[in-house]
Amino acid sequence: MEGSISPRINGHKIELLDRKILNIQGVKDVHSFNEDTVILETEMGLLTIEGEELHINNLNVEQSSLNITGRISSFAYSDNMDFKSKGNSFLGKMFR
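Residues numbered from 1 in each chain as written. Predicted model: local features only at pLDDT ≥ 70, side-chain atom pairs only at ≥ 80, totals over all residues. Heavy atoms only, no water.

(A) How the structure looks around the environment of Glu-15. Assignment of secondary structure puts Glu-15 in strand E1 (residues 13-17). On the basis of relative accessible area, Glu-15 is assigned to the partly exposed category, the value being 36%. Through-space distance from the C-alpha of Glu-15 to that of Gln-25 is 8.9 Å; in sequence the pair is 10 residues apart. Residues within four places of Glu-15 in sequence aside, it is in contact with Ile-21, Leu-22 and Asn-23. (Helix = DSSP H or I, 4+ residues; strand = E, 2+ residues; numbered from the N terminus. Buried < 20%, exposed > 50% of the residue type's maximum accessible area, 1.4 Å probe, protein only. Contact = heavy atoms within 4.5 Å.)

Next up, the structure:
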């Protein structure tokens, strides 16, 4: 298909390998991140990932996928959308 853009993936998938590599599909936005915590907006709500030496290695906005490495100790979903205010996310700041 010439000239077409890949559609965003509908749905959500998480793959955790040896608590060191986390692959996520269905990512809408990255709200904040540091070496201890990454907060994402996903198709299923806000996802908070906690660990040590966390690094975002690959963010593909077109395919809504993300790869994180480090020592992952937990991840949890939240329906709290306080972070959802426009322009305050990592991607919102990047594209100003």
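(B) Examining a negative patch on the surface more closely. On the surface, Glu-35, Asp-36, Glu-50, Glu-52 and Glu-53 cluster together to form a negatively charged patch. With respect to the helices, strands and loops of the structure, Glu-50 is situated in strand E5 (residues 45-60). Its relative accessible area of 38% is what places Glu-50 among the partly exposed residues. (Patch = residues over 30% accessible without salt bridge, like charges linked within 9 Å, V, L, I, M, F, W, Y side chains within 5 Å. Areas by Shrake-Rupley, 256 points an atom, 1.4 Å probe, with all protein chains shown as cover. Salt bridge = Lys/Arg side-chain N within 4 Å of Asp/Glu carboxyl O. Lys, Arg positive; Asp, Glu negative; His and termini not counted. Charge placed at Lys NZ, Arg CZ, Asp CG, Glu CD.)

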